[in-house]
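Here is how the chains run, residue by residue.
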Amino acid sequence: MMHKAIAALLLSAGLAVARPLTARGLINDAAGQTYDYIVVGCGVSGLVVSSRLSENEDVTVLCLEAGSLDHYEDEIMIPYYIGLQPYGFYEWGIYTVPQTQLDGVSRHIPLGKGVGGGSLINGMVWNRGNQRSFNAWNDVGNSGWGWNALLPYFEKASKCILPLQSAGAEVQPELQNPAVHGTSGPVQVSYPNYYWPQTDNWFAALHELGIPTSAEPNEGLTAGGYFLPLDIDPNNQTRSDARRSYYDPNIARNNFNVQPNSQVTRILFEQGDQLTATGVEFATGPSSPRQTAYASREVILAAGAIHSPQLLELSGVGQASVLESVGVEVLENLPGVGNNLQDHGMIHLDYHYTNPAVMDISDFASNSTFNDEAAAEYYGSKTGPWTAKPSCAVAFPSLQQVTDDVESRLAAASSAPYNLPSTYDDEPTLQVGYERQIASVLDELAHEDIPAFENLNNNAGGLDLALMRPLSRGTTHITSIDPFASPNVDPRWLVHQFDYDVMILAMQVNQRILDTSAIQELGPSYDQVPWDASVDELGQILRSGIGTEYHYSCTTAMLPLELGGVVDGELRVYGTNNLRIVDTGIYPMVPGAHLQAVAYGVAEKAADLIKAAQ
Ligand SMILES: Cc1cc2nc3c(=O)[nH]c(=O)nc-3n(C[C@H](O)[C@H](O)[C@H](O)COP(=O)(O)OP(=O)(O)OC[C@H]3O[C@@H](n4cnc5c(N)ncnc54)[C@H](O)[C@@H]3O)c2cc1C
Ligand SMILES: *[C@@H]1O[C@H](CO)[C@@H](O)[C@H](O)[C@H]1NC(C)=O
Ligand SMILES: *[C@@H]1O[C@H](CO)[C@@H](O)[C@H](O)[C@H]1NC(C)=O
């Protein structure tokens, strides 16, 4: 591993200087203490909310994180390592239940674990989704949550430097709209310092098929080819995650306390007319003693869309039938908890390019000369292919851009069986809420600016596909009173026929993309998906290949109670006092985008809502 040696050498010479050695706000003695706010989970949303609340020096904030504080490891900081981090690296290692609607097999669903959460290990892609999808949040009963209300918070989270010169002709810098980007926020958003030449073939292929390139994807007005920025620091081409952007600059504050290696096991309630959250119980490991910390104002859940509902259920707030089945006393029957799970189902499809003249990310592993040169270039001048592991050149096509039969597809979708989870039986609020949601999503899809799926071109023949507007719904529920037992996560990808059909269509669009003269030049290969694969063959590949795009969300939805909601428009948990949720679980419907930019923006808005209530 030559490049590792170079890496270590150069790191100790250069990058390491920036590491903070000690930080006052990093603590391990929260037990028995009282804070104004306790934030549970210090991932993307937890670090945004806890750091923003600590701007007021008169309040004290504790953020408790199950994972550890990182050491600026190369695997986090350097884009090259995306996808190469070992299993369990700042990650929970949870699997789904067997996916019987597909092939009966369980899937790993990676989840970030550490101060920074998912932002430590994610693919760094930065986008938001369509304006209509956020206006739909507003229209399903959450006034104040449309695109216009969120845009200032999207901007507040980031400082966007666009475009770098190397970002290529397709970006059309003159057409980008700087007004939709932040100019002074904590997360550094920019482009890699390298442009793979075959990116041009990608956009040319889309154009051959009549799919246009969007000049400004983050404005939320278009579908088609996108050249997306990353959360990459333009000064040194390192990851600008939540730890770097919200923790490091603020942790010296006396009132901002972060305690890692502490998993919250229960929310403490005082029972009166309504439940009042008073603190949390936590532990440093399954067999460690349970400790407590108290919140005089609020407990704020930011443990992510899988663990926040788990904690509610462990604490007696959730669907009565679920709690009773595991023997948890029902303090508040809230049927929405852990239901309405949404994700962007994703399949990896590999048509690796064989043209020997084209270098790509697969050459990092197969050509040590290429890799060593790329490593040296990265450490020497912060340029070159190591900066550009995630491809910025992707596509988010609408149905209208790829098929003529949109109307009949949408009509079929509304009359197809819902195939809802069994936890929806005898729960009219969940059923009515679902009907409201799919009516809204189908209405979105009737517009040609709404991405139906994503195509993640990696410039090496990888054309992964992910479903952007799913109608399928899954669940995540506890099956044990042990907080260290993983919940049963059942994403139920593609259980709705419409979702399956859109993914088949997307696979057919891949075949059309490969057939273009622009991609034929690169020599695509067909060993995973045969060139002439029938719909049945595509279906088989789809069922065994589809898994997660890591966008778990909507499990503690912000919706009216009568539509199966868990939190109101101010993110307060129904039936409780002093308890809010601020993570991706609160989305009513998942937006058609990678989720981190949305998670930062939503948490920024949440912080302001909480401050306004002070
Ligand atoms: C492998 C991977 C790739 C991704 N790629 C992209 C991408 O390219 N672009 C993009 O936009 N998004 C991407 N995402 C998604 C994005 O990172 C997440 O949507 C985002 O991090 C969600 O923010 P969150 O605050 O809801 O949860 P998280 O960031 O996951 O934070 C939750 C935190 O809570 C902690 N926690 C959980 N339970 C407890 C408990 N009981 N007590 C204490 N702490 C607890 C967790 O350890 C974690 O640190 C990716 C995610 C993954 C996992
Ligand atoms: C990268 O540069 C930023 C300044 O933009 C700095 O804060 C950060 O510490 C640097 N990161 C590394 C790993 O050197
Ligand atoms: C390996 O990479 C080097 C440096 O980029 C290049 O010159 C060479 O042609 C590559 N070898 C193969 C077999 O692709």
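Residues numbered from 1 in each chain as written. Chains lettered and ligands numbered in written order. Predicted model: local features only at pLDDT ≥ 70, side-chain atom pairs only at ≥ 80, totals over all residues. Heavy atoms only, no water.

With respect to the UniProt feature "active site" (unreviewed entry) in the protein chain
Then step 1. The positions that UniProt labels "active site" (unreviewed entry) are, in the present scheme, His551 and His594. A stretch of 44 residues holds the annotated residues, and the largest C-alpha distance among them is 7.0 Å, short enough that they meet in one place.
Then step 2. Take His551: it is sitting in the loop between strand E18 (547-548) and strand E19 (576-577).
Then step 3. Excluding its chain neighbours within four sequence positions, the residues that come into contact with His551 are Gln342, Asp343, His344, Val590, Ala593, His594 and Leu595.
Then step 4. With respect to the helices and strands, the residue His594 is situated in the loop between strand E20 (579-581) and helix H18 (596-612).
Then step 5. With residues up to four places along the chain from it excluded, the contact list for His594 reads Val125, Asn127, Phe396, Glu454, Leu456, Glu549 and His551. (UniProt positions renumbered as here; feature names shortened; annotations may be inferred. Helix = DSSP H or I, 4+ residues; strand = E, 2+ residues; numbered from the N terminus. Contact = heavy atoms within 4.5 Å.)

Description of the UniProt feature "binding site: FAD" (unreviewed entry) in the protein chain
Then step 1. The UniProt entry lists Asn122, Gly123, Met124, Val125 and Val264 under the feature "binding site: FAD" (unreviewed entry), expressed in the numbering used here. The greatest C-alpha distance among the residues just named is 29.5 Å, and with 143 residues of sequence between them they are spread in space as well.
Then step 2. With respect to the helices and strands, Asn122 occurs in the loop between helix H3 (74-77) and helix H4 (131-139).
Then step 3. Excluding residues within four positions of it along the chain, Asn122 makes contact with Ile82, Asp231, Arg239 and Gln596.

Examining helix H14 (residues 428-445)
Then step 1. Compared with an ideal rise of 1.5 Å per residue, which puts 18 residues at 26 Å, H14 spans 26 Å between its outermost C-alpha atoms and is within 8% of the ideal.
Then step 2. Buried within H14 are the following residues: Leu430, Gly433, Tyr434, Gln437, Ile438, Ser440, Val441, Leu442, Glu444 and Leu445.
Then step 3. Along its buried surface, H14 packs onto H4, helix H12 (399-402), helix H13 (406-415) and helix H15 (497-515). (Expected span 1.5 Å × (residues − 1). Buried < 20%, exposed > 50% of the residue type's maximum accessible area, 1.4 Å probe, protein only.)

With respect to the site of ligand 3
Then step 1. Contacts to ligand 3 come from Met359, Asn367, Phe370 and Glu373.
Then step 2. With respect to ligand 3, the side chain of Asn367 contributes an N or O atom lying 2.4 Å from an oxygen atom.
Then step 3. Contact with the protein chains hides 43% of the accessible area of ligand 3, taken as 360 Å² for the molecule alone.
Then step 4. Residues belonging to the shell around ligand 3 are distributed by class as follows: two nonpolar, one polar and one charged. (Near = heavy atom within 4 Å. Polar contact = N/O pair within 3.5 Å; in protein donor to acceptor, adjacent residues only side chain to side chain. Areas by Shrake-Rupley, 256 points an atom, 1.4 Å probe, with all protein chains shown as cover. Nonpolar A, V, L, I, M, F, W, Y, C, P; charged D, E, K, R; others polar.)

Brief notes about the site of ligand 1
Then step 1. Contacts to ligand 1 come from 35 residues, most closely from Ser45, Glu65, Val125, Val264 and Gln596.
Then step 2. One of the backbone nitrogen or oxygen atoms of Val264 is found 2.9 Å away from a nitrogen atom of ligand 1.
Then step 3. Note that an oxygen atom of ligand 1 is positioned 3.3 Å from one of the backbone N or O atoms of Leu595.
Then step 4. With the chains in place, 94% of the 1,000 Å² that ligand 1 exposes on its own is no longer accessible.
Then step 5. Of all the secondary structure elements, the ones that give two or more residues to the shell around ligand 1 are helix H2 (44-53), strand E7 (263-271) and helix H8 (304-314).
Then step 6. Partitioned by chemical class, the residues of the shell around ligand 1 number 14 nonpolar, 18 polar and three charged.

Some points on the pattern of salt bridges
Then step 1. Summed over all chains, the structure comprises 18 salt bridges.
Then step 2. We note a salt bridge from Arg107 to Asp103, for which the minimum N-O separation is 2.7 Å.
Then step 3. Residue classification places Arg107 among the buried positions, given a relative accessible area of 9%.
Then step 4. As a salt-bridge pair, Glu281 and Arg266 come within 3.2 Å of each other at their nearest N and O atoms. Remark: Arg266 occurs in strand E7 and Glu281 occurs in strand E8 (residues 275-283); sequence separation between them is 15 residues.
Then step 5. Relative accessible area serves as the criterion here: at 13%, Glu281 is assigned to the buried category.
Then step 6. Among the residues examined, Arg266 registers a relative accessible area of 35% and is labelled partly exposed.
Then step 7. One connected set of salt bridges, linked through shared partners, spans Arg52, Glu55, Lys156, Glu604, Asp608 and Lys611. (Salt bridge = Lys/Arg side-chain N within 4 Å of Asp/Glu carboxyl O.)

Quick word on the pairing of strand E14 (residues 453-457)
Along any regular strand, the residues point their side chains to alternate faces of the sheet.
Then step 1. Among the five residues in E14, five count as buried, and that is most of the element.
Then step 2. Taking the residues between adjacent antiparallel strands as the criterion, E14 and strand E15 (residues 463-467) are bridged by five residues, where Asn459 takes a positive phi near 65 degrees. (Pairing = 2+ DSSP bridges.)

Observations concerning unusual backbone geometry
Backbone geometry follows two general trends: most residues other than glycine have a negative phi, and most peptide bonds adopt the trans configuration.
Then step 1. Phi angles above zero are rare outside glycine, and Tyr90 is one such case at about 50 degrees.
Then step 2. For Tyr90, the position within the fold is in the loop between H3 and H4.
Then step 3. Non-glycine residue Lys382 carries a positive phi angle of around 55 degrees.
Then step 4. Position of Lys382 among the secondary structure elements: in the loop between helix H11 (368-381) and strand E13 (393-396).

Overview of the packing of H2 against H18
Then step 1. Remark: H2 packs on H18, axes separated minimally by 8 Å, with the N-to-C direction vectors making an angle of 30 degrees. Viewed along their axes, H2 and H18 form a crossing whose handedness is right-handed. Residues Val44, Ser45, Val48, Val49, Arg52 and Leu53 of H2 lie in contact with H18, whose contacting residues are Gln596, Ala599, Tyr600, Ala603, Glu604, Ala606, Ala607, Ile610 and Lys611.
Then step 2. In the contact of H2 with H18, the residues fall into 10 nonpolar, two polar and three charged. (Axes fitted to C-alpha atoms, helices over the stretch in contact; angles between N-to-C directions. Left-handed = near helix turned anticlockwise from the far one by under 90°.)

Points about H8
Then step 1. The element H8 is largely enclosed, with a buried count of 11 among its 11 residues.
Then step 2. A positive phi of about 95 degrees marks Gly316, the residue just after H8.

A few points about the state of the cysteines
Then step 1. Taken as a whole, this structure holds one disulfide when the rule is applied.
Then step 2. A sulfur-sulfur separation of 2.3 Å characterises the disulfide bridge that pairs Cys42 with Cys63. Negative torsions about the S-S bond denote left-handed disulfides, and the value of about -135 degrees found for Cys42 with Cys63 makes this one left-handed. Highlighted residues: Cys42 in the loop between strand E1 (34-40) and H2 and Cys63 in strand E2 (residues 61-64), separated in sequence by 21 residues.
Then step 3. In this structure Cys63 comes out as buried when scored by relative accessible area, which is 0%.
Then step 4. Of the cysteine sulfurs around Cys160, a residue in no disulfide, the closest is that of Cys392, at 11 Å. (Disulfide = S-S within 2.5 Å.)

Quick look at the environment of Ile211
Then step 1. Take Ile211: it is sitting in the loop between helix H6 (199-208) and strand E5 (224-227).
Then step 2. Each C-alpha atom of the pair Ile211 and Val402 lies 7.8 Å from the other, and the pair is 191 residues apart in sequence.
Then step 3. With residues up to four places along the chain from it excluded, the contact list for Ile211 reads Leu206, Gly224, Gly225, Gln401 and Val402.

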